[in-house]
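Coordinates in review
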Amino acid sequence: MKALLLESIHPYAESILREAGFEVETRTGALDESELIEALQGVDIVGLRSKTEITPTVLEKATGLTAIGAFCIGTNQIALDEAAARGIATFNAPFSNTRSVVELAIAEIIAMARRLTEKDGSLHAGVWDKNAKGSHEIRGRKLGIVGYGNIGSQLSVVAEMLGLQVYFYDTDDKLAMGNAHRCDSLDELLETAEVVTLHVDGRSGNAGFFGADQFATMRPRSLFLNLSRGFVVDYDALRENLLSGHIAGAAVDVFPTEPKKRGESFSSPLQGIPNVILTPHIGGSTEEAQEDIGRFVASKLRDYIDRGTTTLSVNLPSLTLEGRPGGGRRITHLHRNTPGVLAKVNSILAGHGVNIEGQLLNTRGENGYVVTDVAQLPDAAIAELREMPETIQLRVIG
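Residues numbered from 1 in each chain as written. Predicted model: local features only at pLDDT ≥ 70, side-chain atom pairs only at ≥ 80, totals over all residues. Heavy atoms only, no water.

1. Topic: the packing of helix H12 (residues 341-351) against helix H13 (residues 379-386)
Heads up, the rule is: What counts as an axis is a line fitted to C-alpha atoms, over the stretch in contact for a helix, and the angles between N-to-C directions run from 0 to 180 degrees. Secondary structure elements follow DSSP: runs of H or I no shorter than four residues count as helices, runs of E no shorter than two count as strands, and numbering proceeds from the N terminus. Comment on the angle field: the value is read as roughly parallel under 35 degrees, roughly antiparallel over 145, roughly perpendicular from 65 to 115, and oblique elsewhere. Handedness of each helix crossing follows the sense of rotation of the near helix against the far helix: counterclockwise by less than a right angle gives left-handed, clockwise gives right-handed. Note on contacts: a residue pair is in contact if any heavy atoms of the two residues lie within 4.5 Å. Residue type decides the class: Asp, Glu, Lys and Arg count as charged, Ala, Val, Leu, Ile, Met, Phe, Trp, Tyr, Cys and Pro as nonpolar, and the leftover types, Gly among them, as polar.
Where H12 meets H13, the axes come as close as 9 Å, and the angle between the chain directions of the two elements is 160°. Relative to H13, the element H12 lies roughly antiparallel. Crossing angle aside, the handedness with which H12 passes H13 is right-handed. When H12 is examined against H13, the residues Val345, Ile348 and Leu349 are found in contact with a partner set consisting of Ala381, Glu384 and Leu385. Taken together, the residues that form the contact of H12 with H13 break down as 5 nonpolar, no polar and 1 charged.

Listed below in structure tokens is the structure:
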């Protein structure tokens, strides 16, 4: 089988897949739609990060694609429903770079509070500006976290250890960590916090949700961070609030439009403004995080191909399978979640004299996933299972 890894994925992923028997091609940059369609011909699994988009058109043309690995947290660059409808399992790394993003957020909060970028710029320009005005400790300050998922909740713990008072807002009912205080509304958080940091996910409903009204609600001279998604913030509104002095500083790691390759030109309305830290989407770009992401996602892809395991898949029903059947065969049957499918599968197998040695079933939304271990499997039985009107994808392992 062939794997294509894009966007400089950590070499650990390549080594895991090669050891599993894959032929692996690696590329350093992202691909546009037409380039990706061409590159995916004959490819069984593809690995990417945040710059390459898997569109419905790509999925339609990539007829041999079996699985997708997002070597990052977000999956909004992938048409997940379309992939599921075509039986293409998708995996990501929801936890691996959490610590790296948290540490960057803390570093940027301290840097803005101490106005380090301005002091650094002055010295590089040959100006000695030893002055305490506008520089503050973060101890005792009120931190507002918007989005209390894996990153937001860990940031909450680390920030509290540094002496920050933590407030958070999330649309889901999340358990507060330590002494963090849950706010009942976004406005409550914005009116309270002296530092506001966004850690929301990439769902389409979050597009443009933080704009002029939200900045106006923030306390005067607050600090603002966005390490989540570029499209959730109106950066023109942020620029106006920075220039007016209402917002004292900002740190931004993500942008609505980002270059696909290292070294390409970049522009933002936030460039050239004092006490603004701009970083090129490096929240999770540490060697530790990238190695762990490479290991985690590549292992998920290998285990899905090798034994049908879908644990932590973002678009298929989850089944954890111990190993390939010794001397037998394993049937993985992804199907439309309608009544009676399991009975049909078993009836077909019984009709061909196939004895079932083990079987697991799970469903998720419109899809069902049944995995059946058998001692022997006639070709006629495989053909009949594939011809079931409910069948989305059938694979035989072993």
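2. A word on the sheet that holds strand S7 (residues 165-169)
The condition is simple: Strand pairing is assigned whenever DSSP detects at least two bridges linking the two strands.
Read across the sheet, 7 strands follow the order S8-S7-S6-S9-S10-S11-S12 without closing on themselves; strand pairing throughout is parallel. The sheet is open, and its two edges are formed by strand S8 (181-182) and strand S12 (276-278), each paired on a single side. Judged from the 5 bridges that link them, strand S6 (residues 142-146) and S7 form a sheet pairing that is parallel. Residue Ile145 lies in a different strand from S7, and its bridge partner there is Phe168. Its contacts with the sheet place helix H5 (residues 98-113) against S6, strand S9 (195-198), strand S10 (222-226), strand S11 (247-252) and S12, and it is angled at close to 150° to S10. Contacting S6, S7 and S9, helix H7 (residues 150-161) runs over the sheet at an angle of about 170° to S6.

3. Focus: the pairing of strand S4 (residues 67-70)
The condition is simple: Only protein chains enter the accessibility calculation, which uses a 1.4 Å probe; a residue whose area is less than 20% of its type maximum is buried, one above 50% is exposed, and one in between is partly exposed. Call a crossover right-handed when, viewed with both strands pointing away from you, the route from the first strand across the helix to the second goes clockwise.
Because side chains alternate across S4, one face comprises the buried residues Ala67 and Gly69, and the other comprises Ile68 and Ala70, equally buried. Sheet topology note: the strand S3 (residues 45-48)/S4 ladder contains 4 bridges and is parallel. Its bridge partner lying in S4, Ile45 is registered against Ala67. Considered for its hand, the β-α-β crossover made up of S3, helix H3 (residues 56-61) and S4 is right-handed. Where S4 meets strand S5 (residues 89-91), 3 bridges bridge the pair, whose relative direction is parallel.

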